[in-house]
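Coordinate analysis (summary)
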Amino acid sequence: MTGAVAFIVFEGGDGAGKSTQARALFRQMQRSGYPVILTREPGGTPLGESLRRLLKNRPGATPMGELFLFLAARAQLVQQVIQPALQKQTSVICDRFTASTVAYQGYGRGLDLLAIDQLNLLASSGLSPDLNILLDLPPQSIFDRKTGAQRDTFDAAPQDFHQRVREGYLAQVSQESSQDSSHWLVLDATRPRRALALEIWQKVRPLL
Ligand code: TYD
């Protein structure tokens, strides 16, 4: 099937069900005959996956150190995976992208938001998603969804960190809603999985 290609990103707090929904959309697009790849951040390239392991298991990184590791993983992914796919008329679904850095390193860790915007632009080669799908979850539910053994460095952050991350996402959504064309779909992540998948597909199909 030929049509437009789309760059679709799933965003949200830890444990909001992004990965599940990203996979569901990926399968739906494949079934419908659209060329598509599924990737994730940090990760998706050999260097990116190494950085992911490093970031997940080393609680010692400073906020600034952490920021540059995420950006390095992004630069690799954009140049080696995302741009080549889009050029070959293949859509891309990505689990997290630039909005994660604004929410986590900007709002969560308190790093300078203007600097993050500029660094995001650089690391992503100016590429921005056609659609960001935010699976919004109240912070208490984030904590409830993962058991102790499943929690990594990031999940172990205090409740107010997750609260700031959530506010960071909602701030990005409201900044864009003041413009004519919003690139955000905000969904209540506590809704049933199938209902969410259906609404996501209804939003994505017209883009293809
Ligand atoms: P991931 O497994 O994607 O998250 P989840 O726990 O939701 O399944 O883990 C990635 C972690 O990295 C997550 O806690 C968010 C964080 N992160 C940032 O802090 N900044 C970024 O730019 C990105 C891409 C991720």
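Residues numbered from 1 in each chain as written. Predicted model: local features only at pLDDT ≥ 70, side-chain atom pairs only at ≥ 80, totals over all residues. Heavy atoms only, no water.

**Topic: helix α2 (residues 46-57)**
- Helix length check: α2 (twelve residues) gives 17 Å between terminal C-alpha atoms against 16 Å at 1.5 Å per residue, within 8%.
- Among the residues of α2, G48, L51, R52 and L55 are the ones counted as buried. Burial along α2 is one-sided: seen end-on, the buried residues are contained in an arc of 110°. Exposed residues lying more than 90 degrees from the buried face of α2 are P46, R53 and N57.
- In this structure, the buried residues of α2 make contact with β2 (36-40) and α3 (63-87). (Helix = DSSP H or I, 4+ residues; strand = E, 2+ residues; numbered from the N terminus. Expected span 1.5 Å × (residues − 1). Buried < 20%, exposed > 50% of the residue type's maximum accessible area, 1.4 Å probe, protein only. Arc of directions from axis to C-beta. Contact = heavy atoms within 4.5 Å.)

**What to know about the site of the ligand**
- Residues in close proximity to the ligand total 17 residues, the closest being D14, R52, R96, T101 and Q105.
- Within the side chain of T101, one N or O atom sits 2.6 Å away from an oxygen atom of the ligand.
- Contact with the protein chains removes 95% of the 550 Å² of surface that the ligand exposes when unbound.
- Residue assignment for the shell around the ligand shows that the elements contributing at least two residues are α2, α3 and α4 (98-108).
- In terms of residue count, the dominant contributor to the shell around the ligand is α4 (four residues).
- In the shell around the ligand, the residues fall into three nonpolar, five polar and nine charged. (Near = heavy atom within 4 Å. Polar contact = N/O pair within 3.5 Å; in protein donor to acceptor, adjacent residues only side chain to side chain. Areas by Shrake-Rupley, 256 points an atom, 1.4 Å probe, with all protein chains shown as cover. Nonpolar A, V, L, I, M, F, W, Y, C, P; charged D, E, K, R; others polar.)

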